[in-house]
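Letter by letter, the chains look like this.
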Amino acid sequence: MDLIFTGMLHWKKMELSLDFIERYIDDILIQCYDIENDSFHFNTQYPEHKRYGEYVRRYRRNSYTLWYIIYDRDINGNIWVNKIISNHITQL
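Since this is a predicted model, take the numbers as computed values, not measurements.

### Overview of the pairing of strand β2 (residues 55-60)
Direction of pairing for strand β1 (residues 42-43) relative to β2: antiparallel, over a ladder of two bridges. Counted as the bridge partner of F42 is V56 from β2. Summarising the sheet, β2 and strand β3 (residues 66-73) pair through six bridges and their orientation is antiparallel. Across the sheet, residue Y55 finds its bridge partner in β3, namely Y71.

Structural data, given as structure tokens:
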């Protein structure tokens, strides 16, 4: 999350307020915590994502940005988020 925070803080397209960035990251974290409530877990599709985990949760933030939360699960059902990456830098 530190890299997402830093990237948004120094974004060249526009200046974002600290409050906006914190709420944005909180929304992504909520998505991470909600994974355990999913009844179905989608397999990763893209080669880049497969490097980081077996499963992916998609979070559409707006019409331009889709976040991929890449994670693994162990035999006890524990969730391990390994990578969070946006569609802007995912190589298809």
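Read on for the rest.
### Focus: the side chain of H41
Within the secondary structure layout, H41 lies in the loop between α2 (18-34) and β1. A polar atom in the side chain of H41 sits 2.6 Å from the side chain of Y71. There is a polar contact of 3.2 Å between the side chain of H41 and the side chain of R73. Ignoring any residue separated from it by four or fewer positions in sequence, one finds H41 in contact with I35, Y55, Y71, R73 and I79.

### Here we look at the packing of aromatic side chains
All chains considered together, the criterion is met by five aromatic pairs. Ring geometry for Y24 against W67: centres 6.2 Å apart, planes inclined by 75 degrees, an arrangement best described as edge-to-face. In this pair, Y24 sits in helix α2 while W67 sits in strand β3, placing the two residues 43 residues apart along the sequence. W67 matches Y24 in its accessibility class, with the two residues each being buried. Ring centres 6.0 Å apart and planes at 85 degrees place the aromatic pair Y46 and Y68 in the edge-to-face group. With Y46 in the loop between β1 and α3 (47-50) and Y68 in strand β3, this residue pair connects regions lying 22 residues apart in the sequence. We classify Y46 as partly exposed; its relative accessible area is 23%.

### Quick notes on the pattern of salt bridges
Summed over all chains, the structure comprises three salt bridges. R61 is paired through a salt bridge with D27; the nearest N and O atoms lie 2.5 Å apart. Of this pair, R61 sits in the loop between β2 and β3 while D27 sits in helix α2; the two residues are 34 residues apart in sequence, bridging distant segments of the chain. The class for R61 is partly exposed, based on a relative accessible area of 24%. For the salt bridge of D38 with R57, the shortest nitrogen-to-oxygen distance reads 2.9 Å. Taken together, the residues span a long stretch of sequence, with D38 in the loop between α2 and β1 and R57 in strand β2 at a distance of 19 residues.

Cut-offs and rules
- Residues numbered from 1 in each chain as written.
- Predicted model: local features only at pLDDT ≥ 70, side-chain atom pairs only at ≥ 80, totals over all residues.
- Heavy atoms only, no water.
- Pairing = 2+ DSSP bridges.
- Helix = DSSP H or I, 4+ residues; strand = E, 2+ residues; numbered from the N terminus.
- Polar contact = N/O pair within 3.5 Å; in protein donor to acceptor, adjacent residues only side chain to side chain.
- Contact = heavy atoms within 4.5 Å.
- Phe/Tyr/Trp six-rings, centres within 6.5 Å; stacked < 30°, edge-to-face > 60°.
- Buried < 20%, exposed > 50% of the residue type's maximum accessible area, 1.4 Å probe, protein only.
- Salt bridge = Lys/Arg side-chain N within 4 Å of Asp/Glu carboxyl O.

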